[in-house]
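Residue-level structure breakdown
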Amino acid sequence: MVLVYIDHFDGRAIPASWEALGVGLRMAEATDSEVKALVLGNGVEAIGQAALEYGASEVLLVDLPMLEHFRPEPYTQAVAQVVEKQGAEIVLFPTTSRSRELAGMLAVDLETGLSPDIVDYEMDGEVVVTTRPIYAGKLLTKEVNKARRPQILTTRPRAFPSPEKRPDTSGTIRQLVLELDEPLTEVQGYTDSERGVSLTDADIIVSGGRGTSNNPSLEPPPEITDEKEQEIWRAQQGFELIGELAKVLGAAVGASRAAVDAGYIPYANQVGQTGKVVSPDLYIACGISGAIQHLAGMRTAKTIVAINKDPDAPIFKLARFGVVGDLFDIVPELTAALEGKLSKG
Amino acid sequence: MNIVVCVKQTLDTAATMTIVDGKASWGDAPLVLNPWDEFAIEQALLTKEAEGGQVTALCLGPETAEDALKQALAMGCDEAILIQDPAFEAADSLVASRALAAGIQKLDPPDLVFFGKAAVDSDTGVTGPQVARRLGWPSLNLVAAVSDLDASAKTITVERLLEEGRQVVSGSLPAVVSVVKEINEPRYPSFMGIRKASKAEIPRWSAADIGLDGDIQPALTWPEIFAPEKGETQCEIIEGSDPAAIAGKLAERLFEEKVI
Ligand SMILES: Cc1cc2nc3c(=O)[nH]c(=O)nc-3n(C[C@H](O)[C@H](O)[C@H](O)COP(=O)(O)OP(=O)(O)OC[C@H]3O[C@@H](n4cnc5c(N)ncnc54)[C@H](O)[C@@H]3O)c2cc1C
Ligand SMILES: Nc1ncnc2c1ncn2[C@@H]1O[C@H](COP(=O)(O)O)[C@@H](O)[C@H]1O
């Protein structure tokens, strides 16, 4: 059996969960076995229903007040019990902060191997030969767990297609009753929630770098006298333009670390080795030089567009399309041009 | 407070990687302290400065990894220990977490163990939670702020950085805390620190020393390492008489190539 863990937050499944389910369906077909989806939480029946529509033949539901918030200890114990009772040769998770931790701890409970964040795989009989990036994506490694079971894998968001949703399902939802230990931690709540399109799920990302502050002709309001504050104010004008382009495209806004460190935009928007790793269909880099640590986070984008003043900026080596020019001139014109084209349908 | 920080030696993130004889090669690029672990060390030192106690840096690695531990000492850690044994040469995270957990259990019982977010070579990002699981302690992962630490009540409250925002979580000590870079600004080693570190004798612990002589087979093997396909990233530079013309042409090309 292939077990697929459905990650969710605030009542909604993380889209990459369906991609993992799609991988599970193909693996099950190759090994002539079946796919079960596992949903843990409190009041998560609707998510279970969605898992059926995405193709699970059976959904295992553990619905308990204790599982209201993700906490690694009870969640790990619950998945481990399900694997022990139901048997599973392969356990799949989408790569998210929660699932990565959960998969790691599950590997310890079951004394088996974990391949995190796979981007490809092939089947060698019942054995999954995974491919995953190492050294910040500079190399790829094949990774195999030959002898121990289950094989635990997490799938990188957007590396695999999502299965078609079909409302006519024949699958069933089964409620499981588990005895879980008292959790070791208590969730007090959430602060500082992110809004807008999530970076890792976005089809299109428009990103800004240090270049967003480089428009000397913009005059900050007189009450801003501090030089640093003036720079941030300029960058905000730059990110305003980037935000408008993103809005027209239904895109998420990203940033380089230089932009984040200088206080132009929150860390949640950072793309790169120490930020988020993204693989959108389209990545538009504005005023970003293309440092190797930035590329580590976006090199797998299908199409990269670079807008940069400097014709020698390394980002052009990776880009499919490039504009050598000032982002303050180009970005608003691009927004207007795309708006015209998109509104025409 | 007894504090442990687990650090790894990795490659400089600017190193150019190639494949030589089927193996990853980085030419003469230097090996460094895993950049994420500098934040873990800093947090360990800040905690010690606030609460008193001592900080021990623990590393599993080959002989060369001594340099990473020397840097930890130069930053201000009090002790450093290298777990070094040929048995750990092909360690996966399952084996590494077992060795680190066994090493921690050999130390004076700690109140807090700090980890970095991930090692920049293996990109695994699970060793901290795995060690927590082995020790049976709370795993506080991706911590961006420690909002409360009460040494006498033995409690800790942290903010975890998730995709959706910050989750506020509390737990009891001892606990494992894996940190992200928002948590602090790592200090540079002082001259005094560097001098002290250069003279320090770093003890070596073998697999037998931490009670792990049998049964340390990794679960994973790596049959092939290869470079990503370069793809035909011939960049098409869009030119035109003015920004509007350039933008118009770029928009057109994006539609033609069905990017949008
Ligand atoms: C351990 C480590 C981890 C790191 N992790 C990350 C990470 O996760 N993400 C990340 O991004 N970086 C990361 N970095 C930092 C990285 O090395 C670079 O410093 C950073 O990416 C540079 O950001 P930037 O391209 O915005 O700035 P710069 O390199 O300063 O580039 C700015 C670019 O904007 C162009 N420009 C200026 N003005 C304009 C204008 N008006 N119009 C158009 N173009 C303009 C310039 O020509 C230049 O190319 C990391 C570094 C280290 C050491
Ligand atoms: N060999 C090691 N020795 C000591 N600490 C390690 C080792 N490997 C990983 N760690 C710690 O675990 C964190 C996560 O690493 P990883 O799970 O390998 O990505 C690192 O930031 C270190 O704090």
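These lines cover the structure that appears in this document, whether it is placed above or below.

Procedures and definitions
As a convention, each chain's residues are numbered from 1 in the sequence order in which they are written. Written order determines the labels here, with chains lettered from A and ligands numbered from 1. Per-residue local features are limited, in this predicted model, to residues with pLDDT of at least 70; the limit for side-chain atom pairs, both in listing and counting, is 80 or more; totals at the level of whole chains, interfaces and linings are taken over all residues. The basis for the side-chain values is all heavy atoms of the structure; hydrogens and waters are excluded. Any carboxyl oxygen of Asp or Glu that lies within 4 Å of a side-chain nitrogen of Lys or Arg is treated as forming a salt bridge with it. Note on conventions: DSSP H or I runs of at least 4 residues are helices, E runs of at least 2 residues are strands, and numbering of each starts at the N terminus. Partly exposed describes any residue whose relative accessible area lies between the buried limit of under 20% and the exposed limit of over 50%, with all areas from a 1.4 Å probe on protein chains only and scaled to the type maximum. One heavy atom suffices: a residue is near a molecule or strand as soon as one of its heavy atoms comes within 4 Å of it. Under this definition, polar contacts are N or O atom pairs within 3.5 Å; protein pairs additionally need one hydrogen-donor-capable and one acceptor-capable atom, and for neighbouring residues in sequence, both atoms have to be side-chain atoms. Residue type decides the class: Asp, Glu, Lys and Arg count as charged, Ala, Val, Leu, Ile, Met, Phe, Trp, Tyr, Cys and Pro as nonpolar, and the leftover types, Gly among them, as polar. Note on areas: Shrake-Rupley, 1.4 Å probe, and residue coverage restricted to the protein chains presented here. Only a pair of cysteine sulfur atoms within 2.5 Å counts as a disulfide in this structure description. Pairing of aromatic rings covers Phe, Tyr and the six-membered ring of Trp, with a centre-to-centre limit of 6.5 Å; geometry is then stacked below 30 degrees between planes, edge-to-face above 60, and tilted otherwise. Here, a charge over a ring is recorded when the distance from Lys NZ or Arg CZ to the ring centre is within 6 Å and its angle to the ring normal is within 35 degrees. Angles run from 0 to 180 degrees between N-to-C directions of axes, and those axes are lines fitted to C-alpha atoms, restricted for helices to the stretch in contact. Throughout, the term roughly parallel applies to angles under 35 degrees, roughly antiparallel to angles over 145, roughly perpendicular to angles from 65 to 115, and oblique to all others. Left-handed describes a crossing in which the near helix is turned anticlockwise from the far one by less than a right angle; the clockwise case is right-handed. Pairs of residues are marked as contacts when any of their non-hydrogen atoms sit within 4.5 Å. The pairing criterion is simple: DSSP has to find at least two bridges between the two strands. Here, the term right-handed applies to a crossover whose path from the first strand over the helix to the second runs clockwise when the strands point away from the viewer. Cavities and pockets are defined on a 1 Å grid built over the protein atoms alone: a cavity is a set of grid points where a 1.4 Å probe fits but cannot escape, while a pocket is an open set with protein on both sides within 12 Å along at least five of seven lines, and lining residues are those with an atom within 4 Å of any such point. Grid points are joined across faces, edges and corners, and a volume is the space filled by probe spheres set on the points.

Take the pattern of salt bridges next. Overall, the coordinates contain 35 salt bridges over all chains when judged by the stated rule. Between B:Arg134 and A:Glu111 there is a salt bridge; the shortest N-O distance is 2.8 Å. In this pair, B:Arg134 is assigned in helix H4 (residues 127-135) and A:Glu111 in the loop between helix H4 (97-109) and strand S7 (114-118), connecting two distinct chains. What makes B:Arg134 partly exposed here is its relative accessible area of 22%. B:Arg187 is paired through a salt bridge with B:Glu42; the nearest N and O atoms lie 2.8 Å apart. In this pair, B:Arg187 sits in the loop between strand S12 (175-179) and helix H5 (191-199) while B:Glu42 sits in helix H1 (residues 35-51), placing the two residues 145 residues apart along the sequence.

This part is about the site of ligand 1. Neighbouring residues of ligand 1: 27 residues in total, closest A:Arg210, A:Ser256, A:Thr274, A:Ser289 and A:Asn308. The residues that come close to ligand 1 belong to more than one chain, namely chains A and B. Contact distances for ligand 1 include 3.0 Å between a nitrogen atom and a side-chain N or O atom of A:Asp326. The class makeup of the residues in the shell around ligand 1 is six nonpolar, 16 polar and five charged.

Moving on: the site of ligand 2. All names here are of chain B. What surrounds ligand 2 is a group of 19 residues, the closest being Cys 6, Asp 37, Leu 60, Gly 125 and Thr 127. One of the backbone N or O atoms of Val 126 is found 2.9 Å from an oxygen atom in ligand 2. Surface burial for ligand 2 is 97%, taken as the share of its 480 Å² of free accessible area covered by protein chains. Counting residues per element, the shell around ligand 2 draws most heavily on strand S6 (residues 54-60), at three residues. Grouping the amino acids of the shell around ligand 2 by side-chain chemistry returns ten nonpolar, six polar and three charged.

As a further point, take the state of the cysteines. Disulfides are covalent bonds that link the sulfur atoms of two cysteine residues. Taken as a whole, this structure holds zero disulfides over all chains when the rule is applied. The thiol of B:Cys77 is unpaired, and the distance to the nearest cysteine sulfur, on B:Cys6, comes to 11 Å. Among the residues examined, B:Cys77 registers a relative accessible area of 0% and is labelled buried. Looking at the unpaired B:Cys235, the closest cysteine sulfur is the one in A:Cys286, lying at 14 Å.

Okay, the packing of aromatic side chains next. Counted according to the given criterion, the structure contains six aromatic pairs over all chains. The interplanar angle of 50° and the centroid separation of 6.5 Å between the aromatic rings of B:Trp36 and B:Phe39 together place this pair among those described as tilted. Separated by three residues within a single helix, B:Trp36 and B:Phe39 lie in helix H1, roughly one turn from each other. With a relative accessible area of 11%, B:Phe39 lands in the buried category. Positioned over the ring face of A:Phe321 is A:Arg320, at 4.7 Å from the centre of the ring. Between the NZ or CZ atom of A:Lys341 and the centre of the ring of B:Phe255, over which it lies, the distance is 5.3 Å.

To continue, consider the packing of helix H3 (residues 72-86) of chain A against H4(A). All names here are of chain A. Contact geometry for H3 and H4: axes closest at 9 Å, N-to-C directions at 55°. Overall, the two elements H3 and H4 adopt an arrangement that is oblique. In terms of crossing hand, the pair formed by H3 and H4 is right-handed. Of the residues in H4, those touching H3 at Pro 72, Glu 73, Tyr 75, Thr 76, Val 79 and Ala 80 are Glu 101, Leu 102, Met 105, Leu 106 and Asp 109. For the contact of H3 with H4, the class distribution of residues is seven nonpolar, one polar and three charged.

This part covers the pairing of strand S5 (residues 58-63) of chain A. All names here are of chain A. Burial within S5 is extensive, with five of its six residues counted as buried. Judged from the six bridges that link them, strand S4 (residues 35-41) and S5 form a sheet pairing that is parallel. Across the sheet, Lys 36 pairs through a bridge with Glu 58, a residue of S5. After leaving S4, the chain enters helix H2 (residues 45-53) and then returns to the sheet as S5, a path that is right-handed. For S5 and strand S12 (residues 172-175), the ladder comprises four bridges, and the chain directions are parallel. Bridge pairing in S12 places Val 59 opposite Ile 173.

Rolled over the atoms, a probe sized like a water molecule indicates the empty space that remains. Enumeration according to the criterion identifies three cavities of 30 Å³ or more in this entry. Reported here for the largest cavity is a volume of approximately 60 Å³. Looking at the largest cavity, the residues that line it are A:Tyr135, A:Ala136, A:Lys138, A:Gln273, B:Leu11, B:Asp12, B:Thr13, B:Ala15, B:Met17, B:Val120 and B:Asp121.

Looking now at the sheet that holds strand S11 (residues 165-172) of chain B. Strand-to-strand pairing in sheets goes through backbone hydrogen bonds, with the strands running parallel or antiparallel. Taken in spatial order, the ten strands make up an open sheet running S13(A)-S11(B)-S10(B)-S9(B)-S12(B)-S8(B)-S1(B)-S6(B)-S7(B)-S13(B), and their pairing is mixed. Because the sheet does not close on itself, it has two edges, and the strands there are strand S13 (185-191) of chain A together with strand S13 (204-205) of chain B. Bridging between strand S7 (residues 79-83) of chain B and S13(B) involves two bridges; their strand directions are parallel. In the strand pairing of S13(B), B:Ile83 is matched with B:Trp205. Across the sheet, H1(B) lies against strand S1 (2-6), S6, strand S8 (112-115), strand S9 (139-150) and S12 of chain B, angled at about 170° from S1(B), the strand it touches most. Here helix H2 (residues 66-75) of chain B sits on the sheet in contact with S6, S7 and S13 of chain B, set at roughly 165° to S7(B).

What follows covers the side chain of A:Thr303. As for its position among the elements, A:Thr303 is in strand S17 (residues 303-308). According to the relative accessible area criterion, A:Thr303 is buried, its value standing at 12%. With sequence-adjacent residues up to four places away left out, A:Thr303 is seen in contact with A:Asp281, A:Leu282, A:Tyr283, A:Arg320, A:Phe321 and B:Val259.

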